[in-house]
Amino acid sequence: MDDRVRKKRVASTRPSCPKTASMLHAIASSTSGAVADAYFEALAASLAENLGMEFVCIGILTGGKAPRITAKVAVASGKPMNDFSYLLAGTPCEKALSEKACCYPENVQAQFPDDEWLGEEGIESYIGAALISSAGEVMGILSAFSQLPIQNLECVTACFDMVVARTAAELERTQTEEKLRELAQVVEQSPVIIAKADLDGQLIYVNKSFEKATGYKASDVLGKNARVLTSGTASDELFEDVWKSISRGDIWKGEILNKRKDGSAFWAKATFGPLKNRSGEVSGYISIKEEITERKENEKQLRLAASVFETASEALVVTGVDKRIKRVNQAFSAITGYSRDEAIGQTPAMLQSGRHGRAFYRAMFKSLAEKGEWEGEIWNRRKNGEIYPEWLKITAIRDDFGNLEGYVGLFSDISKRKYDESLIRHQANFDALTGLANRNLFLDRLSRSLELAEKNDNHVALLFIDIDRFKHVNDTLGHSTGDQLLQIAANRLTAKLSKPATVARFGGDEFVVVLPDEKNLHHIEDTVVKILAELERPQRVNGNLIFSSASIGVSVYPVDGRDTETLLRKADNAMHKAKEKGRNNFQFFTQEMDIEAQRRRELERDLYKAVERNQLTLVFQPILDASSDRIVSAEALVRWQHPEKGLIPPSEFIPLAEEVGLINRIGEWVLRKACEEALSWTAITGNPPGISVNLSGIQFKKQNIPLLVSNVLYETGLPPERLTLEITESLLVDDDNGTLKQLQGIRELGVGLSIDDFGTGYSSLSYLKRFPVTMLKIDRSFVMGVVDNAEDQALVSAILAMAHSLGLK
């Protein structure tokens, strides 16, 4: 198609025919007197009707990278088109805007095949012109579309030429007014204070923020001088400076103190500037203020907080979420020895003393996470390595949304307080001369020991000790020597006794000792004897060799009493009885206890002699095979034939031997004698029985049992398979690796291992599996009732089944 027909530029023409003039007159008449949207609506309708165009659009150019036309007014077949919008790319409007105007009288679809809308609506012809602002910028487009070719092209272009300029001017005016309205809304709704004054300084406009901040209504201040807000505290020089600046056409910025209608003051960050008209002349003034009263107060509080932070006597440390130190004060450096530069960037872990475990710090941070704070006593380390106590409070810092920002720690050195508390506590509870517990602390500890003993069903022994002939020392050698004698006695008592025993000075030359959790009355006697021996040793004081001793009275809870007063009274009585017997001895309160203690003392003395004088002997209990009734072994049992007291059972002297350290000698003697006896049976029968020997658990802790057994077998010539060593379950319950190695060593020799009295202890499958046991001896308490007791029958059957399943005899 000829290019002049395909695309023509709209040019300014005069109407050359009556029809053109008539159309121009009709369009002008329809828009006469109309402005803004009314004008656009009237124009679109008139163009559609007079030009015979089905679609007319007055659109605004919008968008960025993908520009589009958004209809301000659009009509289709005489009816408004709501929300009409389309992209410019590939459309005839794109051409019209780029070349200011263009026209396609026919076949427009072929020229723009990518414009789907043209095909959908069956558009045949198009005319459009750009709407240009007074500054030469494209604002939008006036366009018309028809489903028929344009017949009177000259008439159509003349009409477009007539309305384009006014349409552009009207569009620019409406956009300007919209911007002014938006700007006015911004000014009116702005959170900052805005006021306008004329050249004389009279207020001619204030916004809502002005009314809200000052308390003045607009009607209160319009027409009045802007100094109505003056607080009276600003100097005249300040106002002169402001006036000179804005009079020169400059802008003044600063902070001023204003006054509200109610007389209260407020701070504002102010900007004052001139307003100029189009001619560049100053026509008035504008002030923009932002109230900063809260900020000024915050700054004041921050300055105060900073001053407190630096001058506080307590140490302050601030960390971030990563627990790295961000800030410390002078007190921190004074207490810890670390300077500010040394601390910043580190973590508080630099102060850890090592006295607290992980559980302590886990509890600390659990409290911080759950409660937001932690407070308590902690031991930390100074830069010089000194460990000191401090009282620490840590607070988690969170923002307005609850997000963790860091931590603030405040602590003080409580070394002096701890020392003072310790000193006061020591003075209240300890004897000044000896350093032992005084009467108050002693009574408290005795009371607690009695409570625990009642709960645990144990004994508590109370020893009342009196230094023999102490008055004589004081009278002959002086009180200084007497005091030193008491100090020596106190040191010897504490050296001989360990926790949980309590040693106290009761007054004068009297001492008391509490032995809690005593299960064995023999142990009490042993302790008393050791104390007597310790206090009997000669001592040199001030050049004098002093031979002293003590008398001790003993009372026992709950036998002698169940309260402190009763036990003290009876122990004191017992002590006096000990003195009556000649001093340097002890006396249990009850006669029965005295008899038992004396018997035990004599038994211990005689037991040493029994080993030396060969008063011990062996008896043998046969062990029968139940299936054949044949004696397959015999158990060696030791007996003590006392020359005066007769036969003493092992239940009496074996525990004593274990306590006094004779069990190893006795055990070795029994093993050797039993092996020698078993070897002699070989000459009597061709199928001699084996021998079983009991071993004490103490022997395993103090002897090399495999070496002992190996030596005895070698010396006696007894085959190892004929020897079985019997042990108790308690030895296995300890689950000691050393015991396990010794038992394995015994089995490697070929010697059997038997568990004695099985079923009465801590019977456990785990140690049967772990330890190399070969035989179980079911306790006689079960066997005795196996004939007529169903429960014993069940227990014995269960033990047999278990033993067989494990391959044990």
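Everything below is about the structure shown above.
Keep in mind that this is a model prediction, so the values were computed, not measured.

Peer 1: Even after reading the chapter, I still don't get the overall build of the chain, so can you show me in this structure?
Peer 2: For the chain, the helix and strand inventory stands at 30 helices and 31 strands. The globule rule puts the C-alpha radius of gyration for 809 residues at 28 Å, and the 57 Å found for the chain is more than 25% above it. In terms of overall dimensions, the chain has a C-alpha envelope of 165 × 85 × 45 Å along the principal axes. In the chain, which comprises 809 residues, the share counted as buried stands at 41%.

Peer 1: Looking at this structure, how should I read the side chain of Glu534?
Peer 2: Residue placement: Glu534 occurs in helix 19 (residues 521-536). Look at Glu534 and you get buried, because its relative accessible area is 15%. Within the structure, the side chain of Glu534 is placed 2.6 Å from the side chain of Arg537, a separation counted as a polar contact. When neighbours within four sequence positions are excluded, Glu534 is seen to be in contact with Arg492 and Lys496.

Peer 1: Explanation requested: the nonpolar core in the structure shown.
Peer 2: Across soluble globular proteins, nonpolar side chains have a tendency to be buried as a group. With 41 residues, the main nonpolar core has Leu671, Ile691, Leu723 and Leu725 as its most contacted residues. Ranked by residues supplied to this core, first place goes to helix 23 (residues 663-680) with seven residues. Of all hydrophobic cores here, the second largest spans 34 residues; its members include Met23, Leu43, Ala129 and Leu131.

Peer 1: Just checking my understanding: could you explain the layout of surface pockets for this structure?
Peer 2: Any space left empty among the atoms is revealed by the rolling of a water-sized probe across them. Its boundaries defined by the atoms lining it, the largest pocket holds a volume of some 1,500 Å³. For the lining of the largest pocket, the secondary-structure elements that each account for two or more residues are strand 25 (616-624), strand 26 (631-642), strand 28 (690-694), strand 29 (723-728), strand 30 (752-758), strand 31 (775-778), helix 29 (780-783) and helix 30 (790-805). At five residues, helix 30 tops the list of elements feeding residues into the lining of the largest pocket. Broken down by class, the residue content of the lining of the largest pocket amounts to 19 nonpolar, 11 polar and 10 charged.

Peer 1: Would you mind going over the packing of aromatic side chains with me for this structure?
Peer 2: Here a ring pair, both rings aromatic, is described through the centre-centre distance and the interplanar angle of the planes. Inspection of every chain in the model, using the stated rule, returns 16 aromatic pairs. Plain terms: the ring middles of Phe332 and Phe411 are 6.0 Å apart, the flat faces sit at 70 degrees to each other, and that makes the pair edge-to-face. With Phe332 in helix 12 (residues 330-336) and Phe411 in strand 17 (residues 404-413), this residue pair connects regions lying 79 residues apart in the sequence. Of the two residues, Phe332 and Phe411, both sit in the buried class. Between the aromatic rings of Phe442 and Phe506, the centroid separation amounts to 5.7 Å while the plane-to-plane angle is 85 degrees, which identifies the pairing as edge-to-face. Here the residue Phe442 occupies a position in helix 16 (residues 439-456), and Phe506 occupies one in strand 19 (residues 502-507), the gap between them amounting to 64 residues.

Peer 1: Explanation requested: unusual backbone geometry in the structure shown.
Peer 2: That bond from Tyr557 to Pro558 is cis: its omega, 0 degrees, falls within 30 degrees of zero. With a phi close to 55 degrees, Ser77 is a non-glycine residue in the positive phi region. If you trace the backbone, Ser77 turns up in the loop between strand 2 (68-76) and strand 3 (79-80). In this model, Lys100 sits at a positive phi of 75 degrees, which is unusual for a non-glycine residue. One can find Lys100 in the loop between helix 4 (92-98) and strand 5 (101-104).

About the criteria used
- Residues numbered from 1 in each chain as written.
- Predicted model: local features only at pLDDT ≥ 70, side-chain atom pairs only at ≥ 80, totals over all residues.
- Heavy atoms only, no water.
- Helix = DSSP H or I, 4+ residues; strand = E, 2+ residues; numbered from the N terminus.
- Rg over C-alpha atoms; globule rule 2.2 N^0.38 Å.
- Buried < 20%, exposed > 50% of the residue type's maximum accessible area, 1.4 Å probe, protein only.
- Polar contact = N/O pair within 3.5 Å; in protein donor to acceptor, adjacent residues only side chain to side chain.
- Contact = heavy atoms within 4.5 Å.
- Core = buried A, V, L, I, M, F, W, Y, C linked by side-chain atoms within 4.5 Å.
- 1 Å grid on protein atoms, 1.4 Å probe; cavity = no way out; pocket = protein on both sides within 12 Å on 5 of 7 lines; lining within 4 Å.
- Points joined across faces, edges and corners; volume = space filled by probe spheres on them.
- Nonpolar A, V, L, I, M, F, W, Y, C, P; charged D, E, K, R; others polar.
- Phe/Tyr/Trp six-rings, centres within 6.5 Å; stacked < 30°, edge-to-face > 60°.

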